[in-house]
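# Geometric and topological summary
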Amino acid sequence: MKKLYALTVAVCLSGGLFAQLPVSTAPSNKKAILEEFTGIYCQYCPDGHKIANNIAAANPGNFFPVNIHTGGYANPQAGAPDFRTSDGDAIAGQPGMGITGYPQGAINRRLWNGSSAMAHSRSAWAANAATVMGEASYVNVAGEATVNITTRQMVINMEAYFTAAGPAGGNKYTVMLLQDNVNGPQTAGATYNPTYVNADGSYRHMHMLRDVLNPTSLGDAVTGGNAMGTTWSNQITYTVPADYTGVVAELADLSLIIFITEGNTNIVTAAELPLTFTGFTTSLNASLNNLSPLPETCSNSIAPSFNMKNEGSTTLTSATVTYTINGGAPQTYPWTGSLSPLQTTLVQLPATTFTLAPTNNFVVAISAVNGAPDEDVSNNGASTSFNETTAFGNTVNLTFDFTQDRYGTESTWSIKNAAGTVVGSGGPYTTLSANGVLLHTNSIVVPAAGCYSVEILDSYGDGINSGYGVGGAVLKDGQGLVIWSTNGIFTSSLRKEFKITSSNNSAGIEELASEGFVIYPNPATDNINVAFEAQNGTYEISIIDLTGRVIASSSLTNVSGAQVVEMPVSEIANGNYLVSIVKDGMKFTQKVTVQ
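Quick look at the structure, then. Because the structure is predicted, anything quoted here is derived from the model rather than measured.

The rules behind each value
Residues numbered from 1 in each chain as written. Predicted model: local features only at pLDDT ≥ 70, side-chain atom pairs only at ≥ 80, totals over all residues. Heavy atoms only, no water. Helix = DSSP H or I, 4+ residues; strand = E, 2+ residues; numbered from the N terminus. Rg over C-alpha atoms; globule rule 2.2 N^0.38 Å. Buried < 20%, exposed > 50% of the residue type's maximum accessible area, 1.4 Å probe, protein only. Contact = heavy atoms within 4.5 Å. Areas by Shrake-Rupley, 256 points an atom, 1.4 Å probe, with all protein chains shown as cover. Core = buried A, V, L, I, M, F, W, Y, C linked by side-chain atoms within 4.5 Å.

We now examine the overall build of the protein chain. In terms of helices and strands, the protein chain carries four helices and 43 strands. Computed over C-alpha atoms, the radius of gyration of the protein chain comes to 31 Å, more than 25% over the 25 Å expected from 2.2 N^0.38 for 595 residues, which places it beyond the range of a compact globule. Across its three principal directions, the C-alpha atoms of the protein chain cover 110 × 65 × 30 Å. Put simply, the protein chain has 595 residues, and 50% of those count as buried. Contacts spanning at least 24 positions in sequence make up 72% of the contacts within the protein chain whose residues lie at least 6 apart. When the accessible surface of the protein chain is totalled, it reaches about 25100 Å², and 50% of it is carbon and sulfur.

Set out below in structure tokens:
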């Protein structure tokens, strides 16, 4: 096994917008900081996130948002991540903060427009931040930090310089550790801040408070006085944990904010500190992570994706990705871009056709980076299995029964063909006056046999069965066969692929219900038996795969009375099939499984 030795390489994620050492001694204006109080179940909090992001984008290096998850809307339900911190709760609960709703935020922990509370509505954040940034500051603050990626030890050096005298009571400093790109749930994210909704429906939380690095949550004294011309310096050593309450702490997504206060309130100015990463053991090293799970499909084409992380000290500009489906001929994909050390990017592979089997396997690996071998191949590959869909219908005419909950305005649905063309849709619906449900029955005729998908969206992010009425949906074909159903429990979206096996419309096909067909055993291993009471006719009995191909067949001519037809299946590949029985233009169909 190759040994990996530490390299004397440091990678700095900094730029002109960071307050690097030494601290400036020139007078400057104040910097604004927003402590935004938010929660994953707060409907309008994504709008607050968007407003804060827009202010930051318009004022780079002068405005710093901090998202503090606190209060009842941040209390996670079973299975949800916990983004709360004890420091955040202490900040939110300090005297004078006065939070009365969510989202609210404090701009520089000041009272605005005669208010008795620091926390105020998002509608005033931009104006109040502009006021702060237009005022002269009597102190400048700056710093820098190193992080060893192996030990995760962070060393923060900081300085402040008083260009004018501070208050007689002295000043305090606070260092906050924030994290970007934290994926998780967020009510109404798709409605109010869709840019930050991921393809899987999760929400990308930004500048989330992870820890206050001071001994106390509300800061500690700036020692040595605050007279004009005084320089203060300090150092903090901190080990970044692997996670915060189960939420992974990705080093590349961390940032540091330092600010100076008068007591526990009135933030005078702030700065973001540059981070330099050390301790790399490789130069060229790409890792493959989070290969996207592939759902059941009826398509013969897939386009998987995965995250590629740069684990080395050299910026990656190219990578060769090799992949196979079901052991077929290897395919290659040339990725190009610019991926800095510790950064992650989504690699979307092109659509690739293959022969669909009941169970399928996808294998992928990164075989080269920057035109050279990867120095650590232990993290270069991944694989996943996926199945052929078990949802199918026999007719092109369909019925979709959609049962809304109370908040119908949040719900929409659509049925699309394999090319993504909508062939049926519904919603949004009206809001009911109380908790409850309302059924909407929809008739859809798809163009032909083939692969389709049904998708339900909920803009609030709590599905259609979360305490406001037991919603759900049922998709049936023209013969009454249930293709797919859901109990309505999901978050923002729910999608299912299904196959229509015939271009027949049930309006021209009578069912043979009176002849009492019984098909057994199901699942089957050796034989499938078809038992029925024949009524003086000719019967064609077939086993058909989900592509419409006849696998086996048997004919009975001019028969009456009790019949049992034995169909051998031991040589048939495991999977889902249809048993089709046709008599005089009439048809009976039932799904069977061979295992």
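It is worth spelling out unusual backbone geometry at this point. In the segment running from Tyr102 into Pro103, the intervening peptide bond is cis, with an omega of -5°. Relative to the helices and strands, Pro103 resides in the loop between helix H2 (86–92) and strand S5 (104–107). Here Arg109, not a glycine, exhibits a phi torsion of approximately 50°, which is positive. Relative to the helices and strands, Arg109 is located in the loop between S5 and strand S6 (120–121). Look at Arg109 and you get buried, because its relative accessible area is 2%. Within the chain, Asn113 stands out as a residue other than glycine whose phi angle is a positive 55°. Examined against the element boundaries, Asn113 turns out to sit in the loop between S5 and S6. Residue classification places Asn113 among the exposed positions, given a relative accessible area of 73%.

Ranked by size, the top nonpolar core spans 34 residues in total, and within it Met154, Ile156, Leu213 and Leu256 carry the most contacts. Sorting the residues of this core by element identifies strand S8 (139–148), strand S9 (153–162), strand S10 (172–179), strand S15 (231–239), strand S18 (254–262), strand S19 (265–273) and strand S20 (275–278) as the ones contributing at least two each. Filtering out sequence-adjacent residues up to four positions away, Leu256 remains in contact with Ala145, Met154, Ile156, Val175, Met176, Leu177, Leu213, Ala271, Glu272, Leu273 and Leu275. One finds Leu291, Ile302, Leu316 and Val364 within the second-largest nonpolar core, a separate group that totals 23 residues.

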